[in-house]
Amino acid sequence: MKVLESIYIMAYRQIKRFVRARSRIAGTIINNILWLLFFGLGWAYTLRGQQFQVLFKGLDYLAFLLPATFATSIFQASFMGGISVIWDKQFGFLKEVLVAPAPRSLTILGRALGDSIVSLLNGLIMLAFGFALTSKLNPAGLPMALAIGFVMAVGFTSMGIAIASTMRSPEGFQLIVATITMPMTLLSGAMFPLNMTPDWMQILALISPLTYAVDLCRYFLTGVSFLNMVYPWLTQEVEMLLLVVTSLALMVIAMRMFEKTTIE
């Protein structure tokens, strides 16, 4: 019971922290709306015609983009869990966590789960607007998309926490995160089909777990998998296995890194 209580308290704290930050909620909603309006609809109107439907395997660009945007918005929001560790270092809360009788591994697990739920809510807001913009998304695939989003959020939140555990500067953390997120987002197949890219780019894309999350979300929400068309061995089961294993590995790394965290 104490184990569950330790996890619950930290998860609850992260969720409550987000709910109380009204400016953060408003910013999340506004950014999602602006992204879909200016980028999504802009390119959807640009990439019209039969030739583009062939390129996107029968989908229009908006239906191609929206499931991936759901995944990438969760991916980018997940790293906020890392920067909050640095803020807690600066404001002294982390010192209380480190001296608490609960094992550090459990507190960081609760923190990761709480931030993952917050990241999933961010993606859900984006997807809600997506369903309002197009009728080509399959509502029956929503439960699986949410499950994939949560697994991915746990992994990348843990990654952010692992990086932040060794840093003291929020600016430095944001610079590192930007260096990581930009290429991973571009290589995920979120904005263009990976089968149209050079071979070396496809190899780099297969290293990134975000690629599998994007493809799985697109498959369950539209019925189209671009990776499986190019690599028949990459079935949905294999992609899910790779995503789960990667997320668990990142969580273990975050726990190990947090065990070594000190406050100077």
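(A) Layout of the overall build of the protein chain. Along its length, the protein chain carries 13 helices and zero strands. Ordered by position from the N terminus, the helices and strands of the protein chain form the series α-α-α-α-α-α-α-α-α-α-α-α-α. A buried classification covers 49% of the 264 residues belonging to the protein chain.

(B) Just the packing of aromatic side chains, in detail. Considering all chains together, one arrives at five aromatic pairs under this definition. Centroid distance Phe64 to Phe226: 5.2 Å. Interplanar angle 85°. Geometry classified as edge-to-face. Highlighted residues: Phe64 in helix 4 (residues 61-78) and Phe226 in helix 12 (residues 226-230), separated in sequence by 162 residues. Side by side, Phe64 and Phe226 carry an identical accessibility label, which is buried. Note on Tyr219 and Phe220: the rings are 5.2 Å apart at their centroids and 75° apart in plane angle, and the pair reads as edge-to-face. According to the relative accessible area criterion, Tyr219 is partly exposed, its value standing at 29%. A cation over an aromatic ring shows up here: Arg218 above the ring of Phe64, its NZ or CZ 3.8 Å from the ring centre.

(C) How the structure looks around the environment of Met10. With respect to the element layout, Met10 can be found in helix 1 (residues 2-20). Judged by relative accessible area, Met10 falls into the buried class, the value being 6%. Met10 sits 100 residues away from Gly110 along the chain, and the two C-alpha atoms are 4.8 Å apart.

(D) Region of interest: a nonpolar patch on the surface. Nonpolar side chains collect at one region of the surface, where Ile30, Leu34, Leu37 and Phe38 lie side by side and expose about 400 Å² of accessible area between them. By the element assignment, Phe38 lies in helix 2 (residues 22-46).

(E) Region of the structure containing the pattern of salt bridges. Under the counting rule described, the total for this entry stands at one salt bridge. Of the charged contacts, one joins Asp60 and Lys136 as a salt bridge, the two residues approaching to 3.2 Å between their closest N and O atoms. Separated by 76 residues along the polypeptide, Asp60 in the loop between helix 3 (50-55) and helix 4 and Lys136 in the loop between helix 7 (104-133) and helix 8 (142-164) bring together distant segments of the chain.

(F) Here's a closer look at the environment of Lys136. Given the relative accessible area of 41%, Lys136 is considered partly exposed. The sequence separation of Lys136 and Asp60 amounts to 76 residues, and the corresponding C-alpha distance is 8.8 Å. The contacts of Lys136, once residues within four sequence positions are left out, are Gln53, Asp60, Ala63 and Leu221. Within the local environment of Lys136, its side chain forms a polar contact with the side chain of Asp60, the two groups lying 3.2 Å apart.

(G) The nonpolar core, seen in detail. Met152, Phe156 and Phe173 are the most contacted members of the largest nonpolar core, which has 46 residues in total. Where this core is concerned, the elements lending two or more residues are helix 2, helix 4, helix 5 (80-91), helix 7, helix 8, helix 9 (170-187), helix 11 (209-222) and helix 13 (236-259). Once residues within four sequence positions are removed from consideration, Phe173 is found in contact with Phe79, Gly82, Ile83, Ile86, Gly160, Ile163, Ala164 and Met167. Residues Tyr61, Phe64, Leu65 and Phe226 belong to the second largest nonpolar core, which totals nine residues.

(H) Expanded view of helix 9. Taking 1.5 Å per residue as the helical rise, helix 9 with its 18 residues ought to reach 26 Å, and the 26 Å between its terminal C-alpha atoms agrees with that figure. Those residues of helix 9 lying buried are Pro170, Phe173, Val177, Ile180, Thr181, Met184, Thr185 and Leu187. With its buried residues spanning 155° around the axis, helix 9 presents them on a single face. Within helix 9, the exposed residues directed more than 90 degrees away from the buried face are Glu171, Leu175, Thr179 and Met182. Of the residues one or two after helix 9, Gly189 is the one with positive phi, at around 80°.

(I) Fine view of the packing of helix 8 against helix 9. Viewed as axis vectors pointing N to C, helix 8 and helix 9 meet at an angle of 145°, and their least axial separation amounts to 10 Å. Handedness of the crossing formed by helix 8 with helix 9: right-handed. Seen from helix 8, the contacting residues are Phe156, Met159, Gly160, Ile163 and Ala164; seen from helix 9, they are Phe173, Ile176, Ile180 and Met184.

(J) Expanded view of the environment of Leu113. Mapped onto the secondary structure, Leu113 falls in helix 7. It is 5.8 Å that separates the C-alpha atoms of Leu113 and Ala11, two residues lying 102 residues apart in sequence. In contact with Leu113, not counting residues within four places along its chain, are Ile7, Phe150 and Val154.

(K) Focus on the side chain of Thr72. Relative to the assigned elements, Thr72 resides in helix 4. Contacts of Thr72, omitting those with residues within four sequence positions, involve Thr185, Ser188, Ala190, Leu210 and Val214.

Conventions and cut-offs
Numbering of residues starts from 1 in each chain and follows the order in which that chain's sequence is written. Note on the predicted model: pLDDT of at least 70 is required for a residue's local features to be given, and 80 or more for side-chain atom pairs to be given and counted; whole-chain, interface and lining totals, by contrast, use all residues. Only hydrogens and water are set aside; all other atoms, that is, all heavy atoms of the structure, feed into the side-chain values. Under the DSSP-based scheme used, a helix requires at least four consecutive residues in state H or I and a strand at least two consecutive residues in state E, with every element numbered from the N terminus. Exposure categories follow from relative accessible area, calculated using a 1.4 Å probe and restricted to protein chains: below 20% of the type maximum is buried, above 50% is exposed, and the middle band is partly exposed. Pairs were defined over the aromatic rings of Phe, Tyr and Trp, the Trp ring being its six-membered one, requiring ring centres within 6.5 Å. Orientation was assigned from the angle between planes: stacked under 30 degrees, edge-to-face over 60, tilted for the rest. Charge-over-ring placement is defined geometrically: NZ (Lys) or CZ (Arg) within 6 Å of the ring centre, and within 35 degrees of the ring normal. Only residues above 30% relative accessible area that lack a salt bridge enter a patch, with like-charged residues linked at up to 9 Å and the nonpolar side chains Val, Leu, Ile, Met, Phe, Trp and Tyr linked at up to 5 Å. Values of accessible area rely on a 1.4 Å probe in the Shrake-Rupley scheme; residue burial ignores everything except the protein chains shown. Throughout this description, the term salt bridge denotes a Lys or Arg side-chain nitrogen within 4 Å of a carboxyl oxygen of Asp or Glu. By definition, residues are in contact when any of their heavy atoms lie within 4.5 Å. Under the rule applied, a polar contact is a pair of N or O atoms within 3.5 Å (in protein, one hydrogen donor and one hydrogen acceptor; residues adjacent in sequence only if both atoms are side-chain atoms). Take the buried residues of types Ala, Val, Leu, Ile, Met, Phe, Trp, Tyr and Cys, join any two whose side-chain atoms come within 4.5 Å, and each joined set is a nonpolar core. Expected helix span is given by 1.5 Å per residue-to-residue step, counting one fewer step than there are residues. Arc definition: directions from the helix axis to the C-beta atoms. Inter-axis angles, ranging from 0 to 180 degrees, are taken between N-to-C directions of lines fitted to C-alpha atoms, where helices are fitted over the stretch in contact. The handedness criterion is simple: a crossing whose near helix is rotated anticlockwise from the far helix by less than a right angle is left-handed, and one whose near helix is rotated clockwise is right-handed.

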